[in-house]
Amino acid sequence: ELADIILIGKKDKIMEAAGSFDVSKAIFVDPETYDRMDEMVAGLAEARKSKGMTLEEARKILMDDTRRELSKHGTETFPMTVSHDDLWAFEGKTVPIHWHDDLEINLLREGMAVFQVYQKSYSVRPGDGFLLNRNVPHSCNSPVNEHVRYNTILVRPDFLYGDFGSDIERNCFRPFLQNSAVPCIHLTASDENGKEILEKLNQVEEVFDRKPFCYELKIRGLLCEAFSMILSDHQRELTKFVPPNQQ
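Residues numbered from 1 in each chain as written. Predicted model: local features only at pLDDT ≥ 70, side-chain atom pairs only at ≥ 80, totals over all residues. Heavy atoms only, no water.

Visitor: Honestly, the sheet that holds strand E3 (residues 80–86) in this entry has me stumped. Any pointers?
Guide: Each strand in a sheet pairs with its neighbour through backbone hydrogen bonds, running either in the same direction (parallel) or in the opposite one (antiparallel). Pairing is antiparallel in the open sheet, where 5 strands are placed in the order E3-E10-E5-E8-E11. If you trace the sheet from one side to the other, it starts and ends with E3 and strand E11 (184–187), each paired once. Here the strands of the sheet are splayed against their neighbours by 15 degrees on average, with no regard to which way each runs. (Pairing = 2+ DSSP bridges. Helix = DSSP H or I, 4+ residues; strand = E, 2+ residues; numbered from the N terminus. Axes fitted to C-alpha atoms, helices over the stretch in contact; angles between N-to-C directions.)

Visitor: What is the right way to read helix H5 (residues 167–177) from this model?
Guide: Think of an α-helix as turning once every 3.6 residues; residues three or four places apart then point the same way. Among the residues of H5, Glu169, Phe173, Pro175, Phe176 and Leu177 are the ones counted as buried. Lining the buried residues of H5 we find strand E5 (103–110), strand E8 (129–132), helix H4 (158–161), E11, helix H7 (215–233) and helix H8 (235–239). (Buried < 20%, exposed > 50% of the residue type's maximum accessible area, 1.4 Å probe, protein only. Contact = heavy atoms within 4.5 Å.)

Visitor: What am I meant to see in the packing of helix H6 (residues 192–210) against H7 here?
Guide: Angle between the axes and distance between the axes are the two parameters that describe a pair of packed helices. At a closest axis distance of 9 Å, the pairing of H6 and H7 adopts a crossing angle of 160 degrees. Overall, the two elements H6 and H7 adopt an arrangement that is roughly antiparallel. Note that H6 runs across H7; the crossing there is left-handed. Across from Asn193, Glu196, Ile197, Lys200, Leu201, Gln203, Val204, Val207 and Phe208 in H6, the residues of H7 making contact are Tyr215, Lys218, Ile219, Leu222, Leu223, Glu225, Ala226, Met229, Ile230 and Asp233. Looking at the contact of H6 with H7, its residues break down into 12 nonpolar, 2 polar and 5 charged. (Parallel < 35°, antiparallel > 145°, perpendicular 65-115°, else oblique. Left-handed = near helix turned anticlockwise from the far one by under 90°. Nonpolar A, V, L, I, M, F, W, Y, C, P; charged D, E, K, R; others polar.)

Visitor: For this particular structure, what's the right way to read the packing of aromatic side chains?
Guide: A ring pair, where both rings are aromatic, is described by two values, the distance of the centres and the angle of the planes. Going through the model one piece at a time under the given rule, you end up with 6 aromatic pairs. Judged by centre distance (4.7 Å) and plane angle (25 degrees), the ring pair of Phe115 and Phe130 falls under stacked. Within this pair, whereas Phe115 is found in strand E6 (residues 113–117), its partner Phe130 is found in strand E8, the two being separated by 15 residues in sequence. Given the relative accessible area of 2%, Phe115 is considered buried. Centroid distance Tyr161 to Phe173: 5.9 Å. Interplanar angle 55 degrees. Geometry classified as tilted. Taken together, the residues Tyr161 in helix H4 and Phe173 in helix H5 connect sequence positions 12 residues apart. Given the relative accessible area of 4%, Phe173 is considered buried. Between the NZ or CZ atom of Lys211 and the centre of the ring of Phe208, over which it lies, the distance is 3.6 Å. If you follow Arg220 out to its NZ or CZ, it ends over the ring of Phe159, 5.6 Å from the centre. (Phe/Tyr/Trp six-rings, centres within 6.5 Å; stacked < 30°, edge-to-face > 60°. Lys NZ or Arg CZ within 6 Å of the ring centre and 35° of its normal.)

The values reported here are purely geometric and, on their own, carry no functional implication.
Structure representation (structure tokens):
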């Protein structure tokens, strides 16, 4: 044996595709459940850096044929993360269209970004935030080919609402998460409520980066407070509940 063979994907599908080839001794890594997926993506990008591979190109390999992103965000026991991004770090200086099961909040720091969500474009400026609902295809680019730096919060919804069927899930999150009429929300500091929401989201980033004692609890609290304010602000839209299959 010269090396360990690592195959990425679901074991049953890989075994079926292998046919007569014996891959039984390989190490199987399922991107949907492997808790070190982000580390593996970073390792791939580093190993192929001399060939010009970027982190985003490495991530692109881990999309399925529906453009669903397969990389996990955070861990199974703490399903959220914060990343610091620059559009110029991506191939073509553009985040390609993709989707995922997690909620995504982008906090713009520099430059103007244009997010494409379905058939609509949203111009997001420094100081703004942009919330993307789960399972919503989206992309991002710069309209003037400039650096766009932003921080991204990705969080699995049940980290916030707890058990499916709970009062918090049914009354607060379900009208948003399962509402195809509200695929995204542009967050601005146009009023005091908007300023407070963005302040709490910025605190999430700061606490995540510092990781003080009990930072996990602090982050969960800040996110719950921010979402409580966001959902309350859009209560009228959320009461017009439109299931995804009726879009």
